[in-house]
Amino acid sequence: MAENNTQDHKLPDPFGRLDASDDALFYATPRKVTHIEQGAISALQHFYAENLPSGGEILDLMSSWRSHLPEGLGPVTGLGMNSEEMADNPQLDTFTVHNLNKMPLLPFEENAFDAVVCAVSVQYLEHPVHVFSEVQRVLRPNSPVIVSFSNRCFPTKAVNIWRYSTSSQHQDLVRMYLEKNAFHQVSTREITTRDDPMYIVSGVKPHE
Ligand SMILES: C[S@@+](CC[C@H](N)C(=O)[O-])C[C@H]1O[C@@H](n2cnc3c(N)ncnc32)[C@H](O)[C@@H]1O
């Protein structure tokens, strides 16, 4: 007898998530933990020190209570889901609570920032190509976007394509988010030291 289990074999939506509920619920409680180990934080800080413009205005996209930025940069604006976390972030000059999965548009003027960083969070975006088109809009020409990630995540909140991919495929995926938006000089690199694996994908908004 033929079995009708078509439903069981349906591929999941690549940008769906196990927990499809409003992110406001998951992020209602502050989580003041570091999501990567000290070695990975130091490697990221070192990369930022070499690649972020000093004195420039920086947007920390998907921000929490730590931004991992070297001293002396800024002013820094945070955008994330939990105000208590961002209020406790000594590197943020200002912050806004904004759900990118509900509203991928960024609440900033165009050409507002000299750099955008997004640390260990890109896997939670349901509309990443749209969000990075917004990143492109709010960046000034010739300014960098730096996306970093490790191999850790909250699995129920990461998009399916991320959960089913290897670290090498994560790099290709994020690279595609930037290339789809015509960022220039898109490059991927691994900055793993002794702790968590750490990867960076960066690009530059083209000159107008
Ligand atoms: C793993 S934490 C990383 C926080 C910080 N970037 C860091 O390096 O420690 C994930 C962050 O993504 C943010 N986030 C998750 N979903 C979001 C959404 N839908 N819109 C905006 N931010 C979101 C949360 O506020 C949270 O701070």
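Reading the values: the criteria
- Residues numbered from 1 in each chain as written.
- Predicted model: local features only at pLDDT ≥ 70, side-chain atom pairs only at ≥ 80, totals over all residues.
- Heavy atoms only, no water.
- Buried < 20%, exposed > 50% of the residue type's maximum accessible area, 1.4 Å probe, protein only.
- Helix = DSSP H or I, 4+ residues; strand = E, 2+ residues; numbered from the N terminus.
- Pairing = 2+ DSSP bridges.
- Right-handed = clockwise from strand over helix to strand, strands pointing away.
- Salt bridge = Lys/Arg side-chain N within 4 Å of Asp/Glu carboxyl O.

A.B. asks: Any chance you could explain the pairing of strand 4 (residues 115-119) here in plain terms?
C.D. replies: Each regular strand carries side chains that alternate between the two faces of the sheet. In terms of burial, strand 4 is largely enclosed, as five of its five residues are buried. Covered by surrounding structure in strand 4 are Ala115, Val117 and Ala119 together with Val116 and Cys118, the residues of both alternating faces. Pairing geometry for strand 1 (residues 58-61) and strand 4, over four bridges, is parallel. Following the sheet pairing, Ile58 is matched in strand 4 by Ala115. Note that strand 4 and strand 5 (residues 144-149) share four bridges and pair parallel. Opposite Val117, over in strand 5, you have Ile146 as the bridge partner. In terms of handedness, the path from strand 4 via helix 4 (residues 128-138) over to strand 5 forms a crossover that is right-handed.

A.B. asks: Where do I start with the pattern of salt bridges in this structure?
C.D. replies: Should their charged atoms come close, side chains of opposite charge can pair. Enumeration over the complete set of coordinates arrives at 11 salt bridges. A salt bridge links Asp22 to Lys102, with the shortest nitrogen-to-oxygen separation between them at 2.9 Å. With a gap of 80 residues between them, Asp22 in the segment before helix 1 (23-26) and Lys102 in the loop between strand 3 (94-97) and strand 4 connect regions that are remote in the sequence. Residue Arg152 pairs with Asp196 through a salt bridge whose shortest N-O separation is 3.0 Å. Remark: Asp196 occurs in the loop between strand 6 (184-190) and strand 7 (199-204) and Arg152 occurs in the loop between strand 5 and helix 5 (160-163); sequence separation between them is 44 residues. Residue Arg152 is classed as partly exposed on the basis of its relative accessible area, which comes to 34%. You can call Asp196 buried: its relative accessible area is 11%. When salt bridges with common partners are traced through the structure, they connect Arg17, Asp19, Asp23, Glu126 and Lys157 into a single cluster.

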